[in-house]
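Chain by chain, the residues:
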Amino acid sequence: MRKGFIITVFALVFASQLTAQRCTTFAYQQVLIKNDASLAERMNAIETFTRQHAVAAENNIAGRVEGNVIVIPVVVHVLYHDPSEKITDAQVQSQVEVLNRCFRHRNADSVKTPSYFKSLAADVEIEFRLATSDSRRRYTNGIVRKYTPVTKWGMDDKMKFSSAMGDDAWDAKSYLNIWICKLDRLAGYSSLPGSDVAKDGLVLDFGAVTAINSGGGYDMGKTAVHEVGHWLGLKHLWGDENCGDDGVDDTPKQASYTSGCPSTSRITCGNGPNGDMYMNYMDFTSDACMNLFTKGQKARIRALFDPGGPRYSLLTSKGLNMPLIFESPLPETDPQWLHVQLYPNPASSFITLDMAYDTRWVGNMLQMTNLQGQTVMEIQVTSKIQLVDIKKIPAGIYFLAAKRADGESIKLRFVKL
């Protein structure tokens, strides 16, 4: 058995995209541990707890009554830049329904499980519902939509913070947070039990959530199933090393992840005659080939909800209670432009700079230069829509330029009459 607890990250590449890393587990683990020296110790303690309680559950000596369905409140943060990314309530609900069908073993494709693995398949007895009440007992539909000037996100958790133009997590002790945004060549990734509560939850690319318009590859909504598996303490089947240990007795050891959608058994690590359980949600196969969690995985998941477990607090969440405060939601306002606008052009007295699409320009300096490259004016941006007085500069052609600390730059040309 491997003693260390590996932080796992699921990073798949869609066929239409450029080649990218499939899984940056080790790098992500090192970054998290570097930023939190106690993380490894905390996760090892959770792993010990999980193994002990999972064994108790399998031996029917767990403290809870089997058959109780655990219902988890969900809040979905939709971070869109282009209005076309503002996915609908129906799409979000469709994703939640996919989670429920898969975790309850009610997906129609569960009949595809090979006969030799069917007896191992489990109804995990976990369900997910969009929250009806926030932490202050105000009404919510469980969906937060927020415009962001960020066009693409990396695996650095910035989408989880309003200060970085993302959206802050709701109380992770009471809600499962799901961020949906445009990821840079990733399908999704997840935190694991024991992570920083401000970063607790999973992140999904828009392309992995289109369960309504499902086709092939990774667009049937099962990326979320895989990531929620991580959020509930499951590892990849290969334990993130060759023939490694995933901490589950009824999943055969396998060498590594499985690509595509195999049609025959795949024998590795001496796991014949049945071979790899590549149809398990914790492999990397295409969505169309994923169709089961095992009884051993169920035991690990439900162990987290035992008293003292890292997900125990979700059992007393008020996120699905009747709200006490009903407020009309503020209207969603999108910027009129998705890049800096300068008008009028030509102009004789004033020009207006509209930077409402990205408030990060406020506080930066703009330089106005003439055709000879000489600086004729410096302007500090104090408002997202800024009026600039140009009455004193001679007629001619001028340029306005600025560069932010994050590397973003602008250069605009205008004519002074």
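The structure we're discussing is the one just above.
Residues numbered from 1 in each chain as written. Predicted model: local features only at pLDDT ≥ 70, side-chain atom pairs only at ≥ 80, totals over all residues. Heavy atoms only, no water.

Asks: Run through the packing of aromatic side chains, naming residues and quoting values.
Replies: Scanning all chains against the criterion turns up 11 aromatic pairs. Considering the side-chain rings of Tyr398 and Phe414, the 5.8 Å spacing of their centres and the 25 degrees angle between planes classify their relative orientation as stacked. In this pair, Tyr398 sits in strand β12 (residues 396-403) while Phe414 sits in strand β13 (residues 409-416), placing the two residues 16 residues apart along the sequence. Exposure remark for Tyr398: the relative accessible area of 5% places this residue in the buried category. Residue classification places Phe414 among the buried residues on the basis of a relative accessible area of 0%. Following the ring pairs from residue to residue traces out a cluster consisting of Phe103, Phe128, Tyr281 and Phe293. (Phe/Tyr/Trp six-rings, centres within 6.5 Å; stacked < 30°, edge-to-face > 60°. Helix = DSSP H or I, 4+ residues; strand = E, 2+ residues; numbered from the N terminus. Buried < 20%, exposed > 50% of the residue type's maximum accessible area, 1.4 Å probe, protein only.)

Asks: Talk me through the state of the cysteines; I want residue IDs and the actual numbers.
Replies: Going through the model one piece at a time under the given rule, you end up with two disulfides. Between the sulfur atoms of Cys243 and its disulfide partner Cys269 the distance amounts to 1.9 Å. Of note, the bridge from Cys243 to Cys269 carries an S-S torsion of about -90 degrees and is left-handed in sense. Taken as a pair, Cys243 in the loop between α4 (222-231) and α5 (295-303) and Cys269 in the loop between α4 and α5 lie far apart in primary sequence, 26 residues in all. With a relative accessible area of 26%, Cys243 lands in the partly exposed category. For Cys269, a relative accessible area of 29% gives the class partly exposed. (Disulfide = S-S within 2.5 Å.)

Asks: With reference to specific residues and values, describe the sheet that holds strand β9 (residues 365-370).
Replies: Ordered by their spatial adjacency, four strands build an open sheet running β10-β9-β12-β13, and the pairing between neighbours is antiparallel. Two strands close off the open sheet at either side, each with one partner strand: β10 (375-380) and β13. Each adjacent strand pair in this sheet contributes to an overall mean axis angle of 20 degrees, direction not counted. (Pairing = 2+ DSSP bridges. Axes fitted to C-alpha atoms, helices over the stretch in contact; angles between N-to-C directions.)

Asks: Which residues make up a nonpolar patch on the surface, and what values go with them?
Replies: Among the surface-exposed residues, Tyr139, Met322 and Phe326 lie close enough to one another that they form a single nonpolar patch of about 400 Å² accessible area. Turning to its location among the elements, Phe326 is positioned in the loop between α5 and β7 (341-343). A residue is classified by how much of its surface remains accessible, and Phe326, at 58% relative accessible area, is exposed. (Patch = residues over 30% accessible without salt bridge, like charges linked within 9 Å, V, L, I, M, F, W, Y side chains within 5 Å. Areas by Shrake-Rupley, 256 points an atom, 1.4 Å probe, with all protein chains shown as cover. Salt bridge = Lys/Arg side-chain N within 4 Å of Asp/Glu carboxyl O.)

Asks: Now, about α4: what can you tell me, with residues and values included?
Replies: Residue pairs spaced three or four apart in an α-helix point in one direction, given the helix's 3.6 residues per turn. In terms of burial, α4 is largely enclosed, as 10 of its 10 residues are buried. Among the residues making up α4, those that are buried are Lys222, Thr223, Ala224, Val225, His226, Glu227, Val228, Gly229, His230 and Trp231. The elements touched by buried residues of α4 are β1 (70-80), α3 (89-103), β2 (126-130), β4 (176-181), β5 (188-190) and β6 (202-205). Looking one or two residues past α4, Gly233 carries a phi angle of roughly 90 degrees, positive in sign. (Contact = heavy atoms within 4.5 Å.)

Asks: Residue-level account of unusual backbone geometry, with values.
Replies: Along the chain, Gly272 connects to Pro273 via a cis peptide bond; the corresponding omega equals 0 degrees. On the secondary structure map, Pro273 appears in the loop between α4 and α5. Cis geometry is found at the peptide bond from Tyr343 to Pro344, where omega equals -10 degrees. Mapped onto the fold, Pro344 is located in the loop between β7 and β8 (350-354). Look at His105: it is not a glycine, yet its phi comes out positive at around 55 degrees.

Asks: Can you lay out the pairing of β13 for me, pointing to particular residues and giving the numbers?
Replies: The alternating pattern of β13 places Ile410, Leu412, Phe414 and Lys416 on a buried face and Ser409, Lys411, Arg413 and Val415 on a face that is not buried. The antiparallel pairing of β12 with β13 creates a hairpin that spans five residues between the two strands, and Gly407 there sits at a positive phi of about 95 degrees.

Asks: Which residues make up the layout of surface pockets, and what values go with them?
Replies: Quantified by volume, the largest pocket comes out at close to 850 Å³. Looking at the largest pocket, it is lined by 24 residues, and the ones nearest its centre are Thr140, Ile143, Val144, Pro329 and Leu330. Its residues assigned to classes, the lining of the largest pocket comprises 11 nonpolar, five polar and eight charged. Val150, Lys152, Arg360, Arg404 and Asp406 are, among the 17 residues lining the second largest pocket, the residues nearest its centre. (1 Å grid on protein atoms, 1.4 Å probe; cavity = no way out; pocket = protein on both sides within 12 Å on 5 of 7 lines; lining within 4 Å. Points joined across faces, edges and corners; volume = space filled by probe spheres on them. Nonpolar A, V, L, I, M, F, W, Y, C, P; charged D, E, K, R; others polar.)

Asks: Could you give an account of α3, naming the residues involved and the relevant values?
Replies: End to end, α3 covers 21 Å across 15 residues, agreeing with the expected 21 Å (1.5 Å per residue, within 8%). Against β1, β2, β3 (143-147), α4 and α5 lie the buried residues of α3. Just beyond α3, the residue with positive phi is His105, at close to 55 degrees. (Expected span 1.5 Å × (residues − 1).)

Asks: I'd love a proper account of the environment of Ser256, names of residues and values included.
Replies: Its location among the elements puts Ser256 in the loop between α4 and α5. A residue is classified by how much of its surface remains accessible, and Ser256, at 28% relative accessible area, is partly exposed. The spacing of Ser256 and Phe284 is 28 residues in sequence and 9.4 Å in space, taken between C-alpha atoms. Beyond its immediate sequence surroundings of up to four residues, Ser256 is in contact with Trp238 and Arg266.

Asks: Could you give an account of the nonpolar core, naming the residues involved and the relevant values?
Replies: A general feature of soluble globular proteins is that nonpolar side chains tend to end up buried together. With 47 residues, the main nonpolar core has Ile72, Phe103, Ile126, Phe128, Leu176, Val228 and Phe305 as its most contacted residues. Counting only elements with at least two residues in this core, the list comes to β1, α3, β2, β4, β6 and α4. In terms of residue count, α3 provides more of this core than any other element does, six residues in total. Filtering out sequence-adjacent residues up to four positions away, Phe103 remains in contact with Asp123, Val124, Glu125, Ile126, Phe128, Val225, Val228, Gly229, Leu232, Phe293 and Ile301. (Core = buried A, V, L, I, M, F, W, Y, C linked by side-chain atoms within 4.5 Å.)

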